[in-house]
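# Notes for the structure review
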Amino acid sequence: MRIVDDAAHVRASASATVGLVPTMGYLHEGHLSLLTAAREECDTVVMSLFLNPLQFDNPDDLDRYPLDSDRDMRLAEEAGVDIVFAPSLQAMYPTEPLTRVRVAEVGDHFEGEHRPGHFEGVATVVTKLLASLQPHRAYFGRKDHQQLVLVRRMVADLSLPVDVIGCPIIREPDGLALSSRNIFIRHRDAALTVNRGLEEAAAAVDSGERSSSALTAIVSRDLGLESVDYVGLASQSAAAPLDVLDRPAFLAVAGHLDGVRLIDNLPIDLVGEMLVPDLGIRLAGRSELGGE
Ligand code: AMP
């Protein structure tokens, strides 16, 4: 595995099909699942490791974001990564970027509404990664489903020559979606109300419930978060809020607990003629990397 800070080195050493997995580090099994998918489908696997200040609307969140680059490098190597692209802040943004990418509408609701500037930061850095590393495939988790929708739309709108691949949410055995920030959670029972609500909504979808207000009420009913930013149902094509579940969609939840912002999603896919919830994948045993 090579660790480089210069995109030209990545382009020079990549061969055949190149898969990119963008991360901000502090890897857990969720990131590893994206790396495994890339390893199975691509000749060269590139993982980017960059804590992008542009996408943090809250400076405290950036300041206390967990970092452990030795650990990340070891895990990346074990996952079969060929090249880690780990640019410095200076290399990524030698000057204040005056050009920003904003994806209208897709980024206006849910995360976009509650984290001003966040999606502009994401879209700008992902565009820079895609332009400079030139992967054929780029892998994103459904854990951040609105982000996945946004990247897909941006790639289509800008005719970027890359296939965007969405990967299932990896969860703890008790259902909690893995996140680098889970190490800060003290009230786990309260955190588990998020995925439990989504599971109950999934069961309702399976039983034929199609009303957005009914589904979001099911998720909200027993939420034990300190505060809730949103619970909503949105289309997979444009992250537009839906009144009725009549197309591929996702139920999204975000809120605060123990000083952590928790996000979880329930993608609902069209399989044949049926709308089928995707609850993600539960690890067989407790995450060794998610932290306690
Ligand atoms: P981050 O390092 O938080 O920016 O995440 C990098 C990528 O990993 C994003 O595409 C996330 O959606 C994805 N990811 C984070 N947590 C999970 C998870 N629990 N399951 C699947 N993908 C995840």
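Our subject in this report is the structure included herewith. (Residues numbered from 1 in each chain as written. Predicted model: local features only at pLDDT ≥ 70, side-chain atom pairs only at ≥ 80, totals over all residues. Heavy atoms only, no water.)

### Some thoughts on the site of the ligand
Applied cut-off: For this purpose, a residue is taken to be near a molecule or strand whenever a single non-hydrogen atom of the residue falls within 4 Å of it. Whenever two N or O atoms come within 3.5 Å, that pair is a polar contact, provided that in protein one can donate a hydrogen and the other can accept it, and provided that, for residues adjacent in sequence, both atoms are side-chain atoms. With residues, only the protein chains shown are counted as cover, and all accessible areas are computed by Shrake-Rupley using a 1.4 Å probe. Think of it this way: any DSSP run of H or I at least four residues long counts as a helix, any run of E at least two long counts as a strand, and we number them from the N terminus.
Around the ligand sit 17 residues in total, of which Met 24, Gly 141, Asp 144, Ile 170 and Leu 178 are the nearest. Note that an oxygen atom of the ligand is positioned 2.9 Å from one of the backbone N or O atoms of Met 24. A total of 490 Å² of accessible area belongs to the ligand in isolation, and the protein chains cover 92% of it. Broken down by secondary-structure element, the contributors of at least two residues to the shell around the ligand are β2 (18-23), α2 (29-41) and β5 (137-141).

### Let's talk about the sheet that holds strand β10 (residues 260-271)
Keep this limit in mind: Each pair of strands is called paired provided DSSP finds at least two bridges between the two strands. Between N-to-C directions, angles cover 0 to 180 degrees, with each direction set by a line fitted to C-alpha atoms, over the stretch in contact for helices.
Here we have 4 strands laid out as an open sheet, ordered β8-β9-β10-β11, and antiparallel in their pairing. The sheet is open, and its two borders are formed by β8 (227-235) and β11 (274-277), each paired with just one other strand. Across the sheet, the mean angle separating the axes of adjacent strands is 15° when strand polarity is ignored. Two strands pair when backbone bridges link them, and β10 and β11 are joined in this way by 4 bridges, in the antiparallel orientation. Bridge assignment links Ile 268 to a residue of β11, and that residue is Pro 277.

### Section: the packing of helix α9 (residues 188-206) against helix α10 (residues 212-221)
So the rule is basically this: For classification purposes, angles smaller than 35 degrees are called roughly parallel, those larger than 145 roughly antiparallel, those between 65 and 115 roughly perpendicular, and all remaining angles oblique. Each helix crossing is assigned a hand: it is left-handed if the near helix lies turned anticlockwise from the far helix by less than a right angle, otherwise right-handed if that turn is clockwise. Contact criterion: two residues are considered in contact whenever any of their non-hydrogen atoms come within 4.5 Å of each other. Polar here means any residue other than Ala, Val, Leu, Ile, Met, Phe, Trp, Tyr, Cys and Pro, which are nonpolar, and Asp, Glu, Lys and Arg, which are charged; Gly is therefore polar.
Their axes nearest at 7 Å, the elements α9 and α10 cross at an angle of 150°. The angle between α9 and α10 places the two elements in the roughly antiparallel class. The handedness of the crossing between α9 and α10 is right-handed. Counting all contacts with α9, which are made through Gly 197, Leu 198, Glu 200, Ala 201, Ala 204 and Val 205, the residues of α10 involved are Leu 215, Ile 218, Val 219 and Arg 221. Residues belonging to the contact of α9 with α10 are distributed by class as follows: 7 nonpolar, 1 polar and 2 charged.

### Details of the pattern of salt bridges
Opposite charge on two side chains permits pairing when their charged atoms draw close. Heads up, the condition is: Note on definitions: salt bridges are taken to be side-chain nitrogens of Lys or Arg within 4 Å of carboxyl oxygens of Asp or Glu.
Taken as a whole and assessed by the stated rule, the structure comprises 22 salt bridges. Here the residues in one salt-bridge network are Asp 57, Glu 111, Arg 115, Asp 229 and Arg 261, joined through shared partners.

### Describing the sheet that holds strand β6 (residues 163-167)
Here we have 6 strands laid out as an open sheet, ordered β1-β4-β3-β2-β5-β6, and parallel in their pairing. Among the strands making up the open sheet, the edge pair consists of β1 (2-4) and β6. Averaged over all neighbouring strand pairs, the angle between strand axes comes to 25°, with direction disregarded. Across the sheet, α2 lies against β2, β3 (44-49), β5 and β6, angled at about 155° from β5, the strand it touches most. On top of the sheet, helix α8 (residues 145-157) reaches β5 and β6; it is set at about 170° to β6, its chief contact.

### Remarks on the state of the cysteines
For the record, the criterion: Cysteine sulfur pairs qualify as disulfides if the two atoms are within 2.5 Å. Each residue is placed in one exposure class: buried if its accessible area under a 1.4 Å probe, protein chains only, is under 20% of its type's maximum, exposed if it is over 50%, and partly exposed if it falls in between.
Under the definition given, this model contains 0 disulfides. Left unpaired, Cys 42 is separated from the closest cysteine sulfur, that of Cys 167, by 10 Å. A relative accessible area of 6% places Cys 42 in the buried class.

### Remarks on α8
Three- or four-residue spacings in an α-helix give side chains the same orientation, since the helix completes a turn every 3.6 residues. Definition in use: To estimate how far a helix should reach, multiply one less than its number of residues by 1.5 Å.
Given a rise of 1.5 Å per residue, 13 residues ought to cover 18 Å, and the 18 Å separating the end C-alpha atoms of α8 matches this to within 8%. For α8, the complete set of buried residues consists of His 145, Gln 146, Gln 147, Leu 148, Val 149, Leu 150, Val 151, Met 154 and Val 155. Buried residues in α8 make contact with α6 (111-114), α7 (118-133), β5, β6, β9 (249-257) and β10. Backbone geometry just downstream of α8 places Ser 159 in the positive-phi region, at approximately 50°.

### Concerning the pairing of β5
Burial analysis of β5 places 4 of its 5 residues in the buried class, the great majority of the element. Relative to β5, β2 runs parallel, the two sharing 2 bridges. Its bridge partner being in β5, Leu 20 is matched across the sheet by Ala 138. Examined bridge by bridge, β5 and β6 share 5 bridges and lie parallel to one another. Residue pairing in the sheet places Gly 141 in a bridge with Cys 167 of β6.

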